[in-house]
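Survey of secondary and tertiary structure
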Amino acid sequence: MDHGQDTEEGIESLRLQIEDPTIFEPQNSIDTENFTSNVNPDPPSGPTAHAPEKKLTLFALRLAVLEKTATGLGTLGFIWATVVLLGGFAVTLSVTDFWSITVILLIEGTRIFSRSHELEWQQHQATHVIADVGIYSFRAIRSSSQVMIQTAKASCFRPANVVQKQSPKSTRQVNKSMHLEKSRRKWDRRKKLTRTWETSDVPIFRFSRWAFQAKNVSKVLFWLQLASATACTVLSLMKLIDRNYGEVEKGDTDKRNRKAALIIFYSLALAEAVLFLLEKAYWEWKVIYCKVLEEVNEECELGPSGMVSVTRFFYDAYSRCVNGSIFDGLKTDIVSFAMDLLASNSLDEQLIGIRVLHKFAMNERFSNDTLQKIGTTLPVVERLVEMLNWIDPEKEEIRRSAAEILSKLASKDQNALRVSGIPGAMESISCLLLNHRLTLRGVADEIPEKNITHDNEISSFWDFNHLGLLILKKLAWDHGNCGKIGNTRGLLRKIIDFTHAGERLLKDENVMPSKIKTVKRSLQVLKMLASATGNTGKQLRHEISEIVFTISNIRDILKYGEKQRELQKMGIEILTSLAIEADATERIGGTGGVLKELFNIFFNEGMPENQNDARITAGEALAMLAFESKSNCCRILKLNVIEKLIKALEVPFLRINAARILKNLCIYIGEDCSLQLRGVIIAAPIVVRAIMSEEDQLQEVMVGLAVEVFKFMSSEESSIMYKGAGIQEAELAKALVQILKKYQKPSIKTPRIRRFVIELAIWMMRWNETNVQIFKDLGMRKEMESITETTSELENFNVFSGAIGMSQHSPTIHSLVETAMKLLE
């Protein structure tokens, strides 16, 4: 499980490093879907693997052929003896033949009776197991077959050797497992005190308890079969060799028929007994010498406990072949067998089934086929979801395994939809989440077993919390599932609770990785929910921001998370997504210290280069928080960051977001604070040079910033600016026309560049009338006419949530084109 989770975390980290479009640029819906599918957090499964259990189904088929042939011959011999010999020649048979036939029939009747019950005991034997110190052994009933006993001894009863090879860490885990097992047994005894019998302890008779226990009777039945088959073989051979059936006189047809009938009967009895012994010998050879069960268990990589599952599967296949068509056993496989056991009411059978499915789902060789089979069987998925609610300590392994299987299952798009589509699925997943900071007093009502130590309970909670958050993270890749998560009562609150990380946790160098992983996963889920699009995303962002702990928890991560930059980055991304909503923007800005911490990260020059993406993300968050928020812009001005923002315009990876922040400050600040913004004119030469030399997003942002910066300049300051930049006004006009020629149609990466160019051209023509003629000579009118024919809604929005435009520009691009055309006239 740990290896798979590490792989998923690595892929997630790689995904976060990919430069995808920000909320300032629209995200193409088709591209987004493909991108989501390609970076699905579940690693691709390996190629379809050969099914090792085919060896067992073929073995069961061959045994069934021998068994059915022997049974058929035995039945035919029984009918022949009763109808032909004892019915037709009973008076004329010799005393020896009469009693030989009678004894053979009694022996065969005894063997058939014991044989009919043997398979039932074998299946039952393979089902009831207990776990102790990671090594699994059969519980109570031993197989009626001595082969079964030897197999169990050879493969299961080795606790001493295994424990000796364990490391100190493993020893601690073993001691913990032993403690948990003792607690489970106590609970089991208290829970099943007098209501039911353990079949292994059933006394068939009141006295002689040992001799008449069911498990000992099964042994007697097995040896009785071997003894009866051997006796039948010996007796039949003796009669066939001796052939003393009485003298046959010439012309005595009855005596001739009697002799032939006896020969046929003894031959049938001999053939039936020999086939049965051959079946047992074949069994012994395959199981004891060839070790077919151990071989299949090793190929399936089921581990020590797998011997129980493999043995039970074999008996199930053998039973199908014997009780139905001999080919029925070939139609089953170990995954289907395990899925059937999940529906059982027996805890032992459920344990066998879930262990097999868990091993196969987590194994790269078998994962693809296993998950496909589980995902297309809705009752099995429903059963796995139901198991998430099982909080009894004795069912902890089943619950954990079901959660891990569902976490793998949810990695596939179609399976994720099936899981989330089950009524109550989100509530069941929510049951896995229990905040470790809650007192055990609040947990006592949910967990019946009080004897488990505090540390063990906390450790168990961590495991289930990780799995619950992992399942939610994978389900949240689908937009529809985000809505279901938000609509599940109390689930959002639980997710946000796990984002709590105080100063001690974030600064501690020896902190447990599991604690950091829990915070990380909760932030990942919250980030997916906050970035959802459409009405669903709007509702989720509203609900997330309304929970009073959301922003304060993220603030602590920003303030104390110098050693956890990845957590800081995810927290910042959540703030950026929440800031799309106006009410959330005000809550974030009004939470003390958030803007300050964001600027500390944005201006942190001591941060290593490989962590610069955190600074970029902080800049995006600040630009969004300043967008259309006069109160946040005033708060930013009070932090005295204008000079630092202007310097950041010359830092390659900061200049885009620094320009966005300055532009929003210029637009949305009030008149009473406008004097503080006059300092931005210092940035004008940097902005103009960037317009002339840069391309794409940076050029777009700089053109937009130029429109706002130029408004603060006088004519003298404008002349000084052009001189300082080493650029003439006509050259800037030419550059603007070239940009319009380059972008003949709206671009997804730079959706507002034509709008900003037109706005800057209008300001230049109004500022200096000589610029009108310059633009005319450069062909500005023709470009305006071209824009009129190619405008789209894409150019009329400031912010995008996916492919949905938000915060529409007040003057449409058509209005700007008309204004420019009038000036050009």
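An unreviewed UniProt entry lists the protein chain under the name ARM repeat superfamily protein, from Rhododendron griersonianum.

Time to look at the pattern of salt bridges. For the coordinates displayed, the defined rule picks out 24 salt bridges. One salt bridge in this structure joins E581 and K538, with 3.1 Å as the shortest N-O distance. One end of the pair, E581, is in the loop between α26 (565-578) and α27 (582-590); the other, K538, is in helix α24 (residues 534-546), with 43 residues separating them in the sequence. Notably, a salt bridge pairs E694 with R655, separated by 3.7 Å at the nearest N-O pair. Residue E694 is located in the loop between α33 (684-693) and α34 (696-710), and its partner R655 is located in helix α32 (residues 655-668); the two are separated by 39 residues in the primary sequence. Overall, E694 belongs to the partly exposed group, its relative accessible area being 28%.

This brings us to the packing of aromatic side chains. Any pair of aromatic rings gets described here by the distance separating the centres and the angle formed by the planes. This structure, assessed with the given rule, holds 15 aromatic pairs. Taken together, a centroid distance of 6.1 Å and an interplanar angle of 0° make the contact between F314 and Y318 stacked. Within this pair, F314 and its partner Y318 are both found in helix α11 (residues 306-323), separated by four residues, close to a single helical turn. According to the relative accessible area criterion, Y318 is buried, its value standing at 2%.

Another point: the environment of T585. If you trace the backbone, T585 turns up in helix α27. Overall, T585 belongs to the buried group, its relative accessible area being 4%. Between the C-alpha atoms of T585 and M624, which are 39 residues apart in sequence, the distance is 8.2 Å. Setting aside residues no more than four positions away along its own chain, T585 makes contact with A579, L625, S629 and N632.

Now for helix α13 (residues 347-362). Since one α-helical turn is 3.6 residues long, residues separated by three or four positions face the same way. In this model α13 runs 22 Å from its N-terminal to its C-terminal C-alpha over 16 residues, within 8% of the 22 Å that 1.5 Å per residue would give. The buried count for α13 comes to 13 of 16 residues, which makes it a mostly enclosed element.

Each value, and the rule that gives it
- Residues numbered from 1 in each chain as written.
- Predicted model: local features only at pLDDT ≥ 70, side-chain atom pairs only at ≥ 80, totals over all residues.
- Heavy atoms only, no water.
- Salt bridge = Lys/Arg side-chain N within 4 Å of Asp/Glu carboxyl O.
- Helix = DSSP H or I, 4+ residues; strand = E, 2+ residues; numbered from the N terminus.
- Buried < 20%, exposed > 50% of the residue type's maximum accessible area, 1.4 Å probe, protein only.
- Phe/Tyr/Trp six-rings, centres within 6.5 Å; stacked < 30°, edge-to-face > 60°.
- Contact = heavy atoms within 4.5 Å.
- Expected span 1.5 Å × (residues − 1).

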